[in-house]
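Residues per chain, in single letters:
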Amino acid sequence: IALQIDDAAGMPELKSAAARIDAMLALMHDGGIRIERIARLVGELNRHLFARTWALVAPPELVAGSCLLVMGSEGRGEQLLKTDQDNALLLRDGLDVPGLDAIAARFNGALAELGYPPCPGGIMLTNPLWRAPVARFRETLRDWVHGADPQGPMHLAIFFDATAVAGDASLLGQAR
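Residues numbered from 1 in each chain as written. Predicted model: local features only at pLDDT ≥ 70, side-chain atom pairs only at ≥ 80, totals over all residues. Heavy atoms only, no water.

Q: Account for the overall build of the protein, with residues named and values stated.
A: Across its full length, the protein holds 9 helices and 4 strands. In the protein, the order of α-helices and β-strands from amino to carboxyl end is α-α-α-α-β-α-β-α-β-α-α-β-α. C-alpha atoms of the protein, sized along the principal axes, occupy 50 × 30 × 25 Å. Looking at the 176 residues of the protein, the share that counts as buried comes to 45%. Across the protein, contacts joining residues at least 24 apart in sequence account for 67% of those joining residues at least 6 apart. Carbon and sulfur atoms make up 58% of the accessible area of the protein, which totals about 8,500 Å². (Helix = DSSP H or I, 4+ residues; strand = E, 2+ residues; numbered from the N terminus. Buried < 20%, exposed > 50% of the residue type's maximum accessible area, 1.4 Å probe, protein only. Contact = heavy atoms within 4.5 Å. Areas by Shrake-Rupley, 256 points an atom, 1.4 Å probe, with all protein chains shown as cover.)

Q: Quick rundown of the side chain of Thr53? Include the residues and the values.
A: Summarising the element assignment, Thr53 is placed in helix α3 (residues 35–57). Among all residues touching Thr53, those that are not within four sequence positions of it are Leu14, Phe107, Ala110, Leu111 and Leu114.

Q: Which residues make up the sheet that holds strand β2 (residues 87–91), and what values go with them?
A: One open sheet accounts for 4 strands, arranged β3-β2-β1-β4; its pairing is mixed. Looking along the sheet, the strands with just one partner apiece sit at the ends: β3 (131–133) and β4 (163–167). Strand-to-strand, the axes of this sheet are offset by a mean angle of 25 degrees, without reference to chain direction. Inspection of the sheet shows strand β1 (residues 66–70) paired to β4 by 4 bridges, in the antiparallel sense. By the bridge assignment for β4, Leu68 is matched with Ala166. Those strands touched by α3 are β1, β2 and β4, and its axis lies near 35 degrees from that of β4. (Pairing = 2+ DSSP bridges. Axes fitted to C-alpha atoms, helices over the stretch in contact; angles between N-to-C directions.)

Q: Account for helix α7 (residues 134–146), naming residues and giving values.
A: Between its first and last C-alpha, α7 extends 18 Å over 13 residues, near the 18 Å set by a 1.5 Å rise per residue. When α7 is considered as a whole, its buried residues turn out to be Val134, Phe137, Thr140, Leu141 and Trp144. The arc that holds the buried residues of α7, viewed along the axis, is 115 degrees, so those residues lie on one side. Summarising the contacts, the buried residues of α7 are in contact with β2, β3, α8 (152–160) and α9 (170–175). (Expected span 1.5 Å × (residues − 1). Arc of directions from axis to C-beta.)

Q: An account of the pattern of salt bridges is needed here, citing residue identities and associated values.
A: Opposite charge on two side chains makes pairing possible when the charged atoms of those side chains draw close. Tallied over the entire structure, the rule returns 7 salt bridges. Salt-bridge contacts for Glu36 lead to Arg34; the nearest nitrogen and oxygen are separated by 2.8 Å. (Salt bridge = Lys/Arg side-chain N within 4 Å of Asp/Glu carboxyl O.)

Q: Describe the environment of Trp54, listing the residues and the values that go with them.
A: One can find Trp54 in helix α3. Since its relative accessible area comes to 0%, Trp54 is described here as buried. Those residues within four positions of Trp54 in sequence are excluded, and the remaining contacts are Leu62, Val63, Ser66, Leu68, Leu89, Ile103, Phe107, Leu125 and Ala166.

Q: Account for the nonpolar core, naming residues and giving values.
A: Counting residues in hydrophobic clusters, the biggest one holds 36 residues, and the most contacted among them are Leu49, Trp54, Leu62, Leu68, Leu89 and Leu114. When contributions to this core are tallied by element, the ones reaching two or more residues are α2 (11–30), α3, α4 (60–64), β1, β2, α6 (100–113) and β4. The element that contributes the greatest number of residues to this core is α2, accounting for 8 residues. Not counting chain neighbours up to four residues away, the residues in contact with Leu89 comprise Trp54, Leu62, Ser66, Cys67, Leu68, Leu100, Leu125, Trp130, Arg131 and Ala132. Judged by nonpolar contacts, the second largest core, of 21 residues, contains Met71, Ala88, Phe137 and Ala162. (Core = buried A, V, L, I, M, F, W, Y, C linked by side-chain atoms within 4.5 Å.)

Note that every value here comes from positions in space, so none of it alone points to a role or purpose.
Spelled out as C-alpha cells, the structure:
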C-alpha cells in the first residue's frame, strides 16, 4: 500500500490505496491482530497518504516552506476508521504563496474524495485560523492560553495532538 501511495500520479491511484487501507484493517482485525498494532500501521499509512496528497495538490515551494499537520485522533495515532479531518498548515514566516485558499480547498476536497469527511468544526486548512505563518500562529496560541476566546482551550487541546506529516517539521517545533 505504501508503494502504491508513493507511485500515485493522481487521485484515482490514491483512492485505490485508501480503499486498500480499509480492507487491510478488516483483514488484520479478523486475523486477531492487536488493535494497538493495527492503529499504528493505519496511522502510518494515513499520514503517508496525506503527505502524498499534499505533494500532488501543492506546489513544491509550498511543500518545502510549510508543515502539514494532522491533529485529533489522527495526530495521537488512534485512528482506525476514517473520521473527520483535523489538519492544519504552518507556513514559514515570510512565505507568500499566491492562490493558497484554492490550494487548501483542493487538499481538503481531495481528502474528502478519499473518504475523510470535512471537520464540522472547520479544523482544516480551508480555515485561515488553522493555516498561518508560524509567528502569527504563535500569537494565536498565546491568545488561546491567555485570552477570553471560549474556544481557546479546546483549540489548544486539539493543537497539542499535532503531528507533522509533510514539509518542514521544524516549523511545528517553532510553533510549540
